[in-house]
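Okay, here's what each chain looks like letter by letter:
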Amino acid sequence: MALCWMDGEFMPAEQARINVMDHGLLYGDGVFEGLRFYGGTVFRSQDHLQRLFDSARAIALNIPYSLQELNRAIESLISQSLLSEGYIRLIVTRGVGPLGLDPGQCKKATVFMVLDELSLVSQTVRQSGLSLIVSSVRRIPNDSIDSRVKSLNYLNQILARLEATSAGADEAVLLNQQGFVAEASTENVFIVKDRCLLTPPSSDGALAGITRQVLLDLAQDQLCTREQSLTSYDLYTADECFLSGTGAELLPVRQVDGRALGQCPGPVFQMLQNKYHELVYGAQLREA
Ligand code: PMP
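Residues numbered from 1 in each chain as written. Predicted model: local features only at pLDDT ≥ 70, side-chain atom pairs only at ≥ 80, totals over all residues. Heavy atoms only, no water.

Engineer: How should I be thinking about the overall build of the protein chain in this particular structure?
Structural biologist: Within the protein chain, the regular secondary structure consists of eight helices and 15 strands. Here the C-alpha atoms of the protein chain give a radius of gyration of 19 Å, agreeing with the 19 Å that 2.2 N^0.38 yields for 288 residues. Expressed as lengths along the three principal axes of its C-alpha atoms, the size of the protein chain is roughly 55 × 50 × 35 Å. The buried share among the 288 residues of the protein chain stands at 50%. Across the protein chain, the fraction of contacts at a sequence separation of at least 24, relative to all contacts at a separation of at least 6, is 69%. Total accessible area on the protein chain stands at roughly 13500 Å², and carbon and sulfur atoms take up 50% of it. When the 24 positive and 33 negative side-chain charges of the protein chain are each reduced to one mean point, those points stand 2 Å apart. (Helix = DSSP H or I, 4+ residues; strand = E, 2+ residues; numbered from the N terminus. Rg over C-alpha atoms; globule rule 2.2 N^0.38 Å. Buried < 20%, exposed > 50% of the residue type's maximum accessible area, 1.4 Å probe, protein only. Contact = heavy atoms within 4.5 Å. Areas by Shrake-Rupley, 256 points an atom, 1.4 Å probe, with all protein chains shown as cover. Lys, Arg positive; Asp, Glu negative; His and termini not counted. Charge placed at Lys NZ, Arg CZ, Asp CG, Glu CD.)

Right under this line is the structure:
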């Protein structure tokens, strides 16, 4: 059962209520984080909370809690849930205010969290790999909303996903205005080419993904790693391609725009997935 935390109170998510005058709902004015916990502990909680506070600062939104207070709320939510593994969506909106965009009319940010189990992709697709399309929908340019801001505005990613679904694919890759790969709708993109692990820089429109950084760190002593601009050509001709995200975790890609990739799941994917599992479940595995 999904559980909610709102202003210090815990309740079943279905009983939680949002004011219809909340600017998060009216205008998508707000920021959020998606966190996963394994063995009762949030993976990289400091990184997620720091990114939330940075996103909020970038849009001049004041979070009425400290990072430590939110961390404690997350820990209590997990213990209330009695789950050892799951996902938490932490949302901060501009708050309640009159109609009209003016954020100055919203006196206090609304902060809430929802905890639930989350499995975004079937086990079959997880094993056989995803089929991707390169979407005609472009990533919002960084000079409009910097891609490092994890904002509540996902409409262009949603349009890209609709395009993927109607093309019979599992996921969409969004390019930026210059035609370089930005990211997938809710994951970062990696390719392996000639023993190098490559991923687009956030200046090309990628979220500074936390899983992405973990993978770059894990791969560092095994192969060359680089942030590099990529085009659809690079995806089509990659030795391996895969996606990363907190919700999705690691997902191998089997084809892009109908072009089959050499190896899926490839050796670098498998090596990184093993290391990733060791990292997130490591403490438990060692205790067992
Ligand atoms: N890009 C986008 C647009 C996302 O929403 C997400 C998170 N779901 C990611 C990338 C992956 O980031 P992280 O690894 O920090 O979850």
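Engineer: I keep staring at empty space enclosed by the protein and nothing clicks. Help me out?
Structural biologist: Empty space among the atoms can be located by rolling a probe the size of a water molecule over them. One pass over the full model with this rule turns up one cavity of 30 Å³ or more. For the largest cavity, the calculated volume is near 40 Å³. Forming the walls of the largest cavity are R36, F43, H48, I210, T211, V214, T246 and Y276. Looking at which element gives the most residues to the lining of the largest cavity, the answer is helix α6 (residues 210–219), with three residues. Taken together, the residues of the lining of the largest cavity break down into four nonpolar, three polar and one charged. (1 Å grid on protein atoms, 1.4 Å probe; cavity = no way out; pocket = protein on both sides within 12 Å on 5 of 7 lines; lining within 4 Å. Points joined across faces, edges and corners; volume = space filled by probe spheres on them. Nonpolar A, V, L, I, M, F, W, Y, C, P; charged D, E, K, R; others polar.)

Engineer: I would appreciate a short explanation of the site of the ligand in the present structure.
Structural biologist: Of all residues adjacent to the ligand, which total 16 residues, the nearest are Y154, E183, I210, T211 and T246. Here an oxygen atom of the ligand and a side-chain polar atom of K150 are 3.1 Å apart. Taking T211, its side chain carries an N or O atom lying 2.6 Å from an oxygen atom of the ligand. Most atoms of the ligand, that is more than half of them, are within 2 Å of grid points of the largest pocket. Contributing elements (two or more residues each) for the shell around the ligand: α6 and β13 (240–245). Looking at the shell around the ligand residue by residue, the classes come out as three nonpolar, nine polar and four charged. (Near = heavy atom within 4 Å. Polar contact = N/O pair within 3.5 Å; in protein donor to acceptor, adjacent residues only side chain to side chain. Sits in = over half its atoms within 2 Å of the grid points.)

Engineer: Would you take a moment to explain helix α3 (residues 67–81) for this structure?
Structural biologist: Because an α-helix packs 3.6 residues into every turn, residues spaced three or four apart end up facing the same way. For α3, which comprises 15 residues, the first-to-last C-alpha distance of 21 Å matches the rise-based estimate of 21 Å (1.5 Å per residue) to within 8%. Inspection of α3 places L67, L70, N71, A73, I74, L77, I78 and S81 among the buried residues, and these make up the whole buried set. The arc that holds the buried residues of α3, viewed along the axis, is 160 degrees, so those residues lie on one side. In α3, the exposed positions that point more than 90 degrees away from the buried face belong to R72, E75 and S79. The first or second residue beyond α3 is L82, which carries a positive phi of 65 degrees. (Expected span 1.5 Å × (residues − 1). Arc of directions from axis to C-beta.)

Engineer: Help me understand the pattern of salt bridges in this model?
Structural biologist: Side-chain pairs of opposite charge can arise whenever the charged atoms involved come near each other. In the structure shown here, the tally under the stated rule is seven salt bridges. The shortest N-O distance in the salt bridge between R148 and D146 comes to 3.0 Å. In this structure D146 comes out as partly exposed when scored by relative accessible area, which is 25%. (Salt bridge = Lys/Arg side-chain N within 4 Å of Asp/Glu carboxyl O.)

Engineer: Can you walk me through the side chain of S185 in this structure?
Structural biologist: Tracing the backbone shows S185 in the loop between β9 (181–184) and β10 (188–193). For S185, a relative accessible area of 3% corresponds to the buried category. With near-sequence residues (within four places) excluded, S185 lies in contact with Y154, Q157, R161, E171, A172 and L174.

Engineer: What am I meant to see in the sheet that holds strand β1 (residues 3–6) here?
Structural biologist: For sheets, the rule is that strands pair by backbone hydrogen bonds, running either parallel or antiparallel. Strands sit in the order β2-β1-β6-β5-β3-β4 across an open sheet of six strands; the sheet is antiparallel. For this open sheet the edge positions go to β2 (9–12) and β4 (41–42), each flanked by a neighbour on one side alone. By the bridge criterion, eight bridges tie strand β3 (residues 30–38) to strand β5 (residues 86–93) in an arrangement that is antiparallel. Among the inter-strand pairings, G30 is bridged to a residue of β5, identified as T93. Relative to the sheet, helix α2 (residues 45–58) contacts β3, β4 and β5, its axis offset from that of β3 by approximately 175 degrees. (Pairing = 2+ DSSP bridges. Axes fitted to C-alpha atoms, helices over the stretch in contact; angles between N-to-C directions.)

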